[in-house]
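Observations on chain architecture
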Amino acid sequence: EADDKKKALELSLKDSQTAIDEMTGLISTLTEEISALVAGIKSLDKAVSEATAQRQEENADFKELMANDGTAKEVLAWAKNRLNKFYNPKLYQAPPKRELSGEERITVNMGGTLAPTTLGGIA
């Protein structure tokens with residue numbers, strides 16, 4: 001009976017040792033997988049930050065392009081109107097009459113000239 005108990009304990013000890021060895025192997029495998037996932041996440045974070053910086057730069061370029069495009073359209077409309085003044089007077093649109101300030105009225109009444117006005121900031 002003591003031998004049976006001893007054999008049962010030895011078998012139990014051996015089974016426990018085998019289970020411990022298997023779990024140790026699983027733990028090391030899981031640790032490697034976790035470190036690989038952490039490296040993947042860091043890589044993705046870097047890629048996202050680079051993509052964000054690129055999008056912000058592209059957005060700034062686009063906004064500048066649209067501003068320049070609007071200015072170019074104003075210049076073209078102004079030039080077209082000036083050409084219409086000479087080639088097609090029916091389509092010419094005279095600039096709106098400017099309301100003179102008190103100082104400007106005095107200058108004009110004294111025989112002076114006013115500084116030229118620009119259309120929408122265009123010289």
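My aim in this report is to walk through the structure given alongside it, one point at a time. (Residues numbered from 1 in each chain as written. Predicted model: local features only at pLDDT ≥ 70, side-chain atom pairs only at ≥ 80, totals over all residues. Heavy atoms only, no water.)

1. As for the overall build of the chain
- Across its full length, the chain carries 2 helices and 0 strands.
- Taken over the C-alpha trace, the chain has a radius of gyration of 42 Å; the compact-globule value for 123 residues is 14 Å, which it surpasses by more than 25%.
- With the C-alpha coordinates aligned to their principal axes, the bounding extent of the chain is approximately 135 × 35 × 15 Å.
- Put simply, the chain has 123 residues, and 2% of those count as buried.
- When the accessible surface of the chain is summed, it comes to about 11,300 Å², and 61% of that surface belongs to carbon and sulfur atoms.
- In the chain, 16 side chains carry a positive charge and 20 a negative one; their mean positions are 19 Å apart. (Helix = DSSP H or I, 4+ residues; strand = E, 2+ residues; numbered from the N terminus. Rg over C-alpha atoms; globule rule 2.2 N^0.38 Å. Buried < 20%, exposed > 50% of the residue type's maximum accessible area, 1.4 Å probe, protein only. Areas by Shrake-Rupley, 256 points an atom, 1.4 Å probe, with all protein chains shown as cover. Lys, Arg positive; Asp, Glu negative; His and termini not counted. Charge placed at Lys NZ, Arg CZ, Asp CG, Glu CD.)

2. Observations regarding the environment of Asp15
- Along the chain, the position of Asp15 falls in helix α1 (residues 2-87).
- Taking the C-alpha atoms as reference points, Asp15 and Leu65, separated by 50 residues in sequence, lie 74 Å from one another.

3. Some remarks on the side chain of Asn84
- The residue Asn84 is located in helix α1 in this model.
- Non-local contacts of Asn84, meaning those with residues more than four positions away in its chain, are made with Pro89, Leu91 and Tyr92. (Contact = heavy atoms within 4.5 Å.)

4. Things to note about a negative patch on the surface
- A cluster of acidic side chains, namely Glu57, Glu58, Asp61 and Glu64, defines a negative patch on the protein surface.
- With respect to the secondary-structure elements, Glu57 resides in helix α1.
- With a relative accessible area of 54%, Glu57 lands in the exposed category. (Patch = residues over 30% accessible without salt bridge, like charges linked within 9 Å, V, L, I, M, F, W, Y side chains within 5 Å. Salt bridge = Lys/Arg side-chain N within 4 Å of Asp/Glu carboxyl O.)

5. Here we look at the packing of aromatic side chains
- The tally for this structure, following the rule as stated, stands at 1 aromatic pair.
- Seen from their ring centres, Phe86 and Tyr87 are 4.7 Å apart, and the 85 degrees between their planes marks the pair as edge-to-face. Judged on exposure class, the residue Phe86 and its partner Tyr87 are both exposed. (Phe/Tyr/Trp six-rings, centres within 6.5 Å; stacked < 30°, edge-to-face > 60°.)

6. Section: the pattern of salt bridges
- Scanning the model with the defined rule gives 1 salt bridge in all.
- In this structure, Lys73 engages Asp69 in a salt bridge whose closest nitrogen and oxygen atoms are separated by 3.7 Å. Highlighted residues: Lys73 and Asp69, both in helix α1, separated by 4 residues, approximately one helical turn.
- Taking the relative accessible area as the measure of exposure, Asp69 reaches 32% and is therefore partly exposed.

7. Side note on the environment of Leu9
- Here Leu9 shows up in helix α1.
- For the pair Leu9 and Thr29, spaced 20 residues apart in sequence, the C-alpha to C-alpha distance is 30 Å.

Keep in mind these values describe shape, not function.
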